[in-house]
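# Fold and contact review
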Amino acid sequence: MATTNYVDNPTVQRHRWWILTAVGLFTFMATLDGSIVNIALPVISNDMHIMTNQAEWIVSIYLLTICALLLLFGKIGDSFGKIRVFRVGTVLFTIGSLLCGFNHSLLFLLGARVVQALGASMTMSTNNGIITEVFPMRERGKALGLIGSFVSLGAIAGPGIGGLLLAQLPWAYIFWINVPLGLLTILLGHFILPKDIARENRPIDWPGAITFAIAIVSLFLAIFMGQAVGFANGLVLALFAGAILVFGLFAWIEQKKAIDPLLSFHLFKNLDFSMSLFTGFLIFVANFFFNVIAPFYLQNARGLAPNMAGYLLMLFPIVQVIVSPISGSLQNRFAPELLTTVGLVILTLSQVGYITATLSTPLWLFGSLVGVMGFGNGVFQSPNNTIVMSTVSQRDLGVAGGMNALARNLGMVVGISASTTVLFSAMSQAYGKPTTTYINGRPDIFLAGMHTTLIVAFFICLVATLINLWRYVHSRAKAK
């Protein structure tokens, strides 16, 4: 018989850290596949004899599919069981990973990426909800901090891990590495994941799901096309306008028509929930500014081999994995709002260090900045996830988890697009003519673009810091 409370179930509590391991491992793999493929695109395009702009869809279709379906699967998890949705997602992701490695055609690879993304979306939308239900309050911050570590580890470690794999193996292995890990997780989950808590089979809001998916697709197409042809292009502007209109229709359906809406807009009346989502989005944007810039700086401007650059960039996720659970544990002693603000201050200061980097900056100093950034991210992510998941009722945990994952993935997409747009615009201005690539023999041009791009990242972090500082001061005033 299904349990009514995982916290009071002795079997679940005995296995709770194994449950975290299974959920976290799959969270890492699903997030990793949003960033690991970027570094392999030149190899894949040469091997499959396709244009670079076509190869970019291998990354784009994965992120697009995930974001379009996160809210739907979050709602399905709330209605029919998060564990069930998570289990199906692990199987689909593993099958999709296996199919992605077969060099059949671009169309076949894109189809396999959609299968992979379906599974990733199902696991991403339910992971935080599962952990929130399984862990008691005293350990919840630490557990959610570890899930946040797995998320950031996957998102940031992609270029580093991808570079190490490509140095030794064909590109197929960046996908096939998921298969044994996926099978291990499926096997582990079979024995330790509990049965779902009994749920009321609530109706699924299909009009809301469809309009939300159309709006996301329109938005992403506008971003991806704008990056290629310019954001002043008529079709790009039309897609942005269409996305805004369909988002408006989605909001109207959810508030006026849906019996059991896909997204309960009353959640946004809670300032803690809304601000945590927004600051989480901003920090993923800033992180991906760094993710785009760092390989150019280390490999092109500084001349490091890909594996050496990969080792240096791995300092970020390694430090975060150590710090994030510690930050989670500290939530029993300090307010989460204080911890998020401290983490954001550290992140903002790390951007100042990057802005001052030149060709003569010692690599140990740059590596230290990478570690400091990982430290700040680790301090921030854990309490921020806790705030998001603890400010909603149990019946909305799936939707809250889906929104949290959506903010992260949207931050990745916006960060990649905005950073490359700012970088090449600034490089073109310094060069005196348009350029969309690193200019060999002119590291000064790249550094001009890099500094401008990282100044933008600094202000993004500063905005997030000021928002959190205001929230902390406001919460302290209310407590008095």
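Just so we're clear, the structure is a prediction, and the values are computed from it rather than from any experiment. (Residues numbered from 1 in each chain as written. Predicted model: local features only at pLDDT ≥ 70, side-chain atom pairs only at ≥ 80, totals over all residues. Heavy atoms only, no water.)

Now for the nonpolar core. If you look at soluble globular proteins, the nonpolar side chains tend to sit buried side by side. Residues Val 37, Ile 58, Phe 220, Phe 290, Tyr 297 and Phe 446 are the most contacted members of the largest nonpolar core, which totals 139 residues. Apart from residues no more than four positions distant in its own chain, Phe 290 is found in contact with Pro 295, Leu 313, Phe 316, Tyr 354, Phe 366, Val 370 and Met 373. (Core = buried A, V, L, I, M, F, W, Y, C linked by side-chain atoms within 4.5 Å. Buried < 20%, exposed > 50% of the residue type's maximum accessible area, 1.4 Å probe, protein only. Contact = heavy atoms within 4.5 Å.)

All right, on to the packing of helix α2 (residues 16-32) against helix α6 (residues 82-100) then. Between two packed helices, both the angle of their axes relative to each other and the distance between the axes serve to describe the pair. With their axes 11 Å apart at the nearest point, α2 and α6 run at an angle of 40° to one another. Considering their axes alone, α2 and α6 lie oblique with respect to each other. Classified by chirality, the crossing of α6 by α2 is left-handed. Only Phe 86, Gly 89, Thr 90, Phe 93 and Thr 94 of α6 make contact with α2, whose side of the interface consists of Ala 22, Val 23, Phe 26, Met 29 and Ala 30. (Axes fitted to C-alpha atoms, helices over the stretch in contact; angles between N-to-C directions. Helix = DSSP H or I, 4+ residues; strand = E, 2+ residues; numbered from the N terminus. Parallel < 35°, antiparallel > 145°, perpendicular 65-115°, else oblique. Left-handed = near helix turned anticlockwise from the far one by under 90°.)

Here the focus is helix α11 (residues 178-192). Relative to the 21 Å expected for 15 residues at 1.5 Å per residue, α11 spans 20 Å between its end C-alpha atoms, a close match to the ideal helical length. When α11 is considered as a whole, its buried residues turn out to be Asn 178, Val 179, Gly 182, Thr 185, Gly 189 and Ile 192. Where α11 is buried, its residues meet α2, α6, α7 (106-124) and α10 (173-176). (Expected span 1.5 Å × (residues − 1).)

Below, the discussion takes up the environment of Val 463. Mapped onto the fold, Val 463 is located in helix α20 (residues 443-479). The class of Val 463 is partly exposed, set by a relative accessible area of 40%.

This part is about the environment of Thr 452. By secondary structure assignment, the location of Thr 452 is in helix α20. For Thr 452 and Pro 42, which are 410 residues apart along the polypeptide, the C-alpha to C-alpha distance reads 26 Å. With residues up to four places along the chain from it excluded, the contact list for Thr 452 reads Val 422 and Ala 426.

A separate point is the pattern of salt bridges. Any two side chains of opposite charge can pair, so long as their charged atoms come close to each other. In total, this model carries five salt bridges according to the counting rule given. Ionic pairing is found between Arg 16 and Glu 139, a salt bridge with its closest N-O pair at 2.7 Å. Of this pair, Arg 16 sits in helix α2 while Glu 139 sits in helix α9 (residues 137-166), placing them 123 residues apart in sequence. The same class applies to Arg 16 and to Glu 139, which are both buried. Here Asp 78 makes a salt bridge to Lys 82, at a shortest N to O gap of 3.2 Å. This pair shows no difference in class: Asp 78 is buried, exactly as Lys 82 is. Linked by salt bridges that have partners in common, Asp 78, Lys 82 and Glu 133 make up one network. (Salt bridge = Lys/Arg side-chain N within 4 Å of Asp/Glu carboxyl O.)

Let us look at a nonpolar patch on the surface. A cluster of nonpolar side chains, namely Leu 98, Phe 102 and Phe 108, defines an oily patch on the protein surface of about 250 Å² accessible area. Looking at where Phe 102 falls in the secondary structure, it is placed in the loop between α6 and α7. In this structure Phe 102 comes out as partly exposed when scored by relative accessible area, which is 41%. (Patch = residues over 30% accessible without salt bridge, like charges linked within 9 Å, V, L, I, M, F, W, Y side chains within 5 Å. Areas by Shrake-Rupley, 256 points an atom, 1.4 Å probe, with all protein chains shown as cover.)

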